[in-house]
Amino acid sequence: MEEPTFEENLAQLEEIVKHLESGNVPLEEALEQFTVGVGLSNKLQKTLRNAENSLTKIIDDNNQELPFKPEEGK
């Protein structure tokens, strides 16, 4: 089975939040949805960290990956 995309996970998390904010959710269901939401949030954060790490690398003249370090004072 194919993993959901970032956008699909985000949409599911948004739906959970809307559902919980409605206030008409039994406690057991709210706890279950909250747990699912925390798991989705963790997945989304991991995806964003990985993207940030990929985007903040540069390649030097020897084709070596280096972390990007902005120049001081700019």
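Data block above holds the structure.
Quick notes on the rules
- Residues numbered from 1 in each chain as written.
- Predicted model: local features only at pLDDT ≥ 70, side-chain atom pairs only at ≥ 80, totals over all residues.
- Heavy atoms only, no water.
- Helix = DSSP H or I, 4+ residues; strand = E, 2+ residues; numbered from the N terminus.
- Expected span 1.5 Å × (residues − 1).
- Buried < 20%, exposed > 50% of the residue type's maximum accessible area, 1.4 Å probe, protein only.
- Contact = heavy atoms within 4.5 Å.

Draft legend 1. A look at helix 2 (residues 27-55). Relative to the 42 Å expected for 29 residues at 1.5 Å per residue, helix 2 spans 41 Å between its end C-alpha atoms, a close match to the ideal helical length. For helix 2, the full list of buried residues reads G37, L40 and L44. Packing partners of the buried residues in helix 2 comprise helix 1 (6-21).

Draft legend 2. Structural detail: the environment of V25. Within the secondary structure layout, V25 lies in the loop between helix 1 and helix 2. Accessibility expressed as a relative area gives 16% for V25, which makes it buried. In this structure V25 touches H19, L20 and A30, once residues within four positions along its chain are discounted.

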